[in-house]
There are 2 protein chains.
Amino acid sequence: VKKFINRVDDMLAESLRGFADAHQGLVVLQTEPTFVRRADAPVVGKVALISGGGSGHEPLHAGFVGPGMLDAACPGQVFTSPTPDQMLAAAEAVGGEAGVLFIVKNYSGDIMNFEMAAEMISGPHATVLTNDDVAVEDSSFTTGRRGVAGTLVVEKIVGAAAEAGMDLAGCAELGTRVNQACGSMGVALTSCTVPAAGKPTFEIGAGEVEMGVGIHGEPGRRRVPLASADAIAKELVGAILEDLKPARGSRALLFVNGFGATPLLELTLLYDAARRALAPSGIEIARSLVGNYVTSLDMAGASVTLTVLDDEMTRLWDAPVHTAGLRWGR
Amino acid sequence: VKKFINRVDDMLAESLRGFADAHQGLVVLQTEPTFVRRADAPVVGKVALISGGGSGHEPLHAGFVGPGMLDAACPGQVFTSPTPDQMLAAAEAVGGEAGVLFIVKNYSGDIMNFEMAAEMISGPHATVLTNDDVAVEDSSFTTGRRGVAGTLVVEKIVGAAAEAGMDLAGCAELGTRVNQACGSMGVALTSCTVPAAGKPTFEIGAGEVEMGVGIHGEPGRRRVPLASADAIAKELVGAILEDLKPARGSRALLFVNGFGATPLLELTLLYDAARRALAPSGIEIARSLVGNYVTSLDMAGASVTLTVLDDEMTRLWDAPVHTAGLRWGR
């Protein structure tokens, strides 16, 4: 595999070690079992937010650990669910009397393992499932819709609420509400290559794209000839609008997310195309985010996520956040 | 070309429009001629920092426009120098009595055009050249060494100094000093593809890498078989140390920079390898940066930059910055 790697078996451990070392003071890496926590956790009196899932989507989730977002993240092997003992150890390390909120992307393995962990936790806890991908119902690893880039939006907004002192029930309700206000769809120009597999996850021709692809390279809606950025943006935005059905005049966050191998030059161009594709709907783009945030290893491609924001969500989106992957202040 | 693009001729304009739209309130895009400026420019009494160069290296340079870094950036077409009228217009828009400092990467076309612009400017001005790439003397577009990722370090540190009120001569001297304290070397796993060319800039086998590659795909030192991340890090770090010859006990910034198509999972692994490769030198890693900052379109690969920091540079590196590509606060 043409990657920066030593032994495939050591990849995750070395990558996490580098991540934690480069972000000393912000995060701490724990091993046996593996999780990444806020350096200042546990934060007394605060609901602890814990997420996790297979690795290969960096900066999600460990890159979103820090004040204003997650308290801990449990990274599984590449595209593989973390184990219940990771989640349990994370919950014990960062959780307190205010309880633990798990934010879980809707994949069968993740749900099963987070449920097993939740059963073993003595203190108060709740779970928010994300399933923002409008492309397909059911998929390779999923019953129902997949949780994709909208997960970042849930983690940011609920993270700000928890930081401001919202209680566990409130955080769980808010997370569910944000997820429902979110729709995403992606498109792949190339496959990704899982290091342990050593070959591309799927074959795709030089002149075609996978419309509605999942963040592990799962099949989407259809394989189509490569089209212009405008045509691609129109299809992605159209599918999201058909699902979300936002009222004219709604205010929204427009988030264009790269899958890992698509440069920023193209992502801002796709953002421009998505913005123009949205114009006829009468949605106001109140907030924007463009970059590689919820990736699929070395896949070239991108997704568009639209989140209809109410005033509370807007205020929480704007609240300070200090993580490796997302950072802003007053 | 398998990219998010409409017409090749419109790519830059659409990408810049998307960039400026996604970062409203922070930057303003001017056209005819094209440059990106701080929304709050000109800042009275402050030395104005202007950089620029060919596009395709995003977030460099427009992504580094904002408080604490650049006042304006002049983007040329992909891998093509901006024109003197862009730089002149930028200088007129953001410059004042404190003068203008141009930060220019050492490429023949960039230097020629920035010099032509400088000759037309009436007010005080100075130029800092960056040439941190230790891989080769002279190259495809360069007499002497190439300016690469160390340019970010110069822009950040001098940007903080200008924000704090340092005068033009001081900023120019500091910039030159930071550049001299900087050494970089890169490695390509794949070529990049310039949209207008429509095919890869160079051919490279599935089992080989280009050691010492430039940020436009210029040839490096040698073509070698793909090696482990540890072996690659050792060669990059070794070449930089041989050039910089930092004293044992020096404090340094270790910056691992992705070229655009290499995911964060690999970049943090390469950071870990570089950190271990540095250990025998007795250099203390006082600051770290890992991510895609000075890219080469869709090239897979990365560079390592080491900057030996004195106390002043460390303080200025830590100073608040608010740009699209680099952001931190107190």
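Residues numbered from 1 in each chain as written. Chains lettered and ligands numbered in written order. Predicted model: local features only at pLDDT ≥ 70, side-chain atom pairs only at ≥ 80, totals over all residues. Heavy atoms only, no water.

Chemist: So what's going on with the overall build of chain A? Residues and values would help.
Modeler: On a plain count of helices and strands, chain A comes out with eight helices and 14 strands. Against the 2.2 N^0.38 benchmark of 20 Å for 330 residues, chain A shows a C-alpha radius of gyration of 19 Å, consistent with a compact globule. With the C-alpha coordinates of chain A rotated into their principal frame, the extents come out at 50 × 50 × 35 Å. Long-range contacts, defined as pairs at least 24 residues apart, comprise 73% of the intrachain contacts of chain A with a sequence gap of at least 6. (Helix = DSSP H or I, 4+ residues; strand = E, 2+ residues; numbered from the N terminus. Rg over C-alpha atoms; globule rule 2.2 N^0.38 Å. Contact = heavy atoms within 4.5 Å.)

Chemist: Describe the sheet that holds strand β4 (residues 72–78) of chain B, and please don't skip the residues or the numbers.
Modeler: Residues and elements named next belong to chain B. Spatially, the six strands line up as an open sheet ordered β1-β2-β4-β3-β5-β6, and their pairing is mixed. Strands with a single pairing partner mark the edges of an open sheet, and in this sheet they are β1 (27–30) and β6 (125–130). The mean inter-strand angle of the sheet, taken between neighbouring strand axes irrespective of direction, is 20°. The sheet contact formed by strand β3 (residues 48–55) and strand β5 (residues 100–105) spans four bridges and is parallel. Bridging across to β5, isoleucine 50 finds its partner in phenylalanine 102. Relative to the sheet, helix α3 (residues 108–120) contacts β3, β5 and β6, its axis offset from that of β5 by approximately 165°. (Pairing = 2+ DSSP bridges. Axes fitted to C-alpha atoms, helices over the stretch in contact; angles between N-to-C directions.)

Chemist: Break down the sheet that holds strand β3 (residues 48–55) of chain A for me, with residues and values.
Modeler: All names here are of chain A. Judged by pairing direction, the sheet is mixed, and its six strands sit side by side in the order β1-β2-β4-β3-β5-β6 without closing on themselves. Two strands bound the open sheet, and with one partner strand each, they are β1 (27–30) and β6 (125–130). Ignoring which end each strand starts from, the neighbouring axes of this sheet average 20° apart. Two strands pair when backbone bridges link them, and β3 and strand β4 (residues 72–78) are joined in this way by six bridges, in the parallel orientation.

Chemist: Give me a nonpolar patch on the surface: which residues, what numbers.
Modeler: Taken together, A:Met112, A:Met116 and A:Met120 make up a surface patch of nonpolar side chains, about 310 Å² in accessible area. Relative to the helices and strands, A:Met116 resides in helix α3 (residues 108–120). (Patch = residues over 30% accessible without salt bridge, like charges linked within 9 Å, V, L, I, M, F, W, Y side chains within 5 Å. Areas by Shrake-Rupley, 256 points an atom, 1.4 Å probe, with all protein chains shown as cover. Salt bridge = Lys/Arg side-chain N within 4 Å of Asp/Glu carboxyl O.)

Chemist: Tell me about the confidence of the model for chain A, and name the residues and values.
Modeler: The predicted model of chain A has a mean per-residue pLDDT of 97, with 100% of residues at 70 or higher. Both confidence scores are given for the complex: pTM 0.98, ipTM 0.97. (pLDDT = per-residue confidence, 0-100.)

Chemist: Hey, could you go over the packing of helix α1 (residues 11–22) of chain A against helix α7 (residues 264–278) of chain B for me, with residue numbers and the actual values?
Modeler: For any two helices packed against each other, the geometry is given by the interaxial angle and the distance between the axes. Following both chains from N to C, one finds α1(A) and α7(B) inclined at 75°, their axes separated by 7 Å at the closest point. Relative to α7(B), α1(A) is oriented roughly perpendicular. The segment α1(A) lies against α7(B), with A:Met11, A:Leu12, A:Glu14, A:Ser15, A:Arg17, A:Gly18, A:Phe19, A:Asp21 and A:Ala22 engaging B:Leu265, B:Glu266, B:Thr268, B:Leu269, B:Tyr271, B:Asp272, B:Arg275 and B:Arg276. A class-by-class count of the residues in the contact of α1(A) with α7(B) yields seven nonpolar, three polar and seven charged. (Parallel < 35°, antiparallel > 145°, perpendicular 65-115°, else oblique. Nonpolar A, V, L, I, M, F, W, Y, C, P; charged D, E, K, R; others polar.)

Chemist: Which residues make up the pattern of salt bridges, and what values go with them?
Modeler: Scanning the entire structure with this criterion turns up 44 salt bridges over all chains. Here A:Arg276 ties to A:Asp230 by a salt bridge, and the two come within 3.0 Å at their closest N and O atoms. Linking A:Arg276 in helix α7 (residues 264–278) with A:Asp230 in helix α6 (residues 229–244), this pair joins segments that are 46 residues apart in sequence. Bridged by salt links that share partners, the residues A:Arg17, A:Asp21, B:Asp230, B:Asp272, B:Arg275 and B:Arg276 form one connected network.

Chemist: Explain the relation of the copies chain A and chain B to me, and be specific about the residues and the numbers.
Modeler: The pair of chain copies shares a relation made of a rotation about an axis and a shift along it. It takes a turn of 180° to lay chain A on chain B, together with a shift of 0.0 Å along the axis; the resulting RMSD is 0.0 Å. Expressed as an axis order, the relation between the two copies is that of a two-fold axis. Minimal C-alpha distance to the rotation axis in chain A is attained by A:Ala261, lying at 1.8 Å. A share of 100% of the interface residues of chain A reappears at the interface of chain B, consistent with the copies meeting face to face through the same patch. (Least-squares fit on C-alpha atoms with pLDDT ≥ 70 in both.)

Chemist: Lay out α6(A) with the relevant residues and their values.
Modeler: All names here are of chain A. Relative to the 22 Å expected for 16 residues at 1.5 Å per residue, α6 spans 22 Å between its end C-alpha atoms, a close match to the ideal helical length. Burial in α6 covers these residues: Ala229, Ile232, Ala233, Leu236, Val237, Ala239, Ile240, Leu241 and Leu244. Turning to α6, the residues buried within the fold contact α5 (168–180), β7 (182–188), β8 (208–211), α7 and β12 (301–308). Lysine 245 sits one or two positions beyond α6 and adopts a positive phi of about 45°. (Expected span 1.5 Å × (residues − 1). Buried < 20%, exposed > 50% of the residue type's maximum accessible area, 1.4 Å probe, protein only.)

Chemist: Kindly report on the nonpolar core, identifying the contributing residues and their values.
Modeler: Grouped together as the largest cluster of nonpolar side chains are 206 residues, with contacts concentrated most on A:Leu101, A:Leu152, B:Leu101 and B:Leu152. Setting aside residues no more than four positions away along its own chain, A:Leu101 makes contact with A:Val47, A:Ala48, A:Leu49, A:Ile50, A:Ala126, A:Thr127, A:Val128, A:Val158, A:Leu168, A:Cys171 and A:Ala172. (Core = buried A, V, L, I, M, F, W, Y, C linked by side-chain atoms within 4.5 Å.)

Chemist: Before we move on, could you go through the interface of chain A and chain B and cite the residues and values that matter?
Modeler: Tallying the contact residues gives 54 residues for chain A and 54 residues for chain B. Summed over both partners, the interface of chain A with chain B buries about 4,500 Å², with 62% contributed by carbon and sulfur atoms. Considering only the side of chain A, the residues that lose the most area to chain B are A:Lys2, A:Phe4 and A:Leu265, jointly responsible for 22% of the buried surface there. For the pair chain A and chain B, the interface holds six salt bridges. As a salt-bridge pair, B:Asp272 and A:Arg17 come within 2.7 Å of each other at their nearest N and O atoms. Linking chain A to chain B there are 22 residue pairs in polar contact (both at pLDDT 80 or more). Elements supplying a minimum of two residues to the side of chain A that touches chain B: α1, β8, α6, α7, β11 (284–291), β12 and β14 (327–328) of chain A. For the side of chain A that touches chain B, the leading source of residues is α7(A), giving 10 residues. Across the side of chain A that touches chain B, the residue classes break down as 28 nonpolar, 12 polar and 14 charged. (Buried area = accessible area lost by both parts, 1.4 Å probe. Polar contact = N/O pair within 3.5 Å; in protein donor to acceptor, adjacent residues only side chain to side chain.)

Chemist: Quick one: what's the story with the packing of aromatic side chains, residue by residue and with numbers?
Modeler: Residue and element names in this part refer to chain A. Tallied over the entire structure, the rule returns six aromatic pairs over all chains. Where phenylalanine 255 meets tyrosine 293, the ring centres are 5.9 Å apart and the plane angle is 65°; that geometry is what we call edge-to-face. With phenylalanine 255 in strand β10 (residues 251–258) and tyrosine 293 in the loop between β11 and β12, this residue pair connects regions lying 38 residues apart in the sequence. Here phenylalanine 255 and tyrosine 293 have matching classes, each one buried. (Phe/Tyr/Trp six-rings, centres within 6.5 Å; stacked < 30°, edge-to-face > 60°.)

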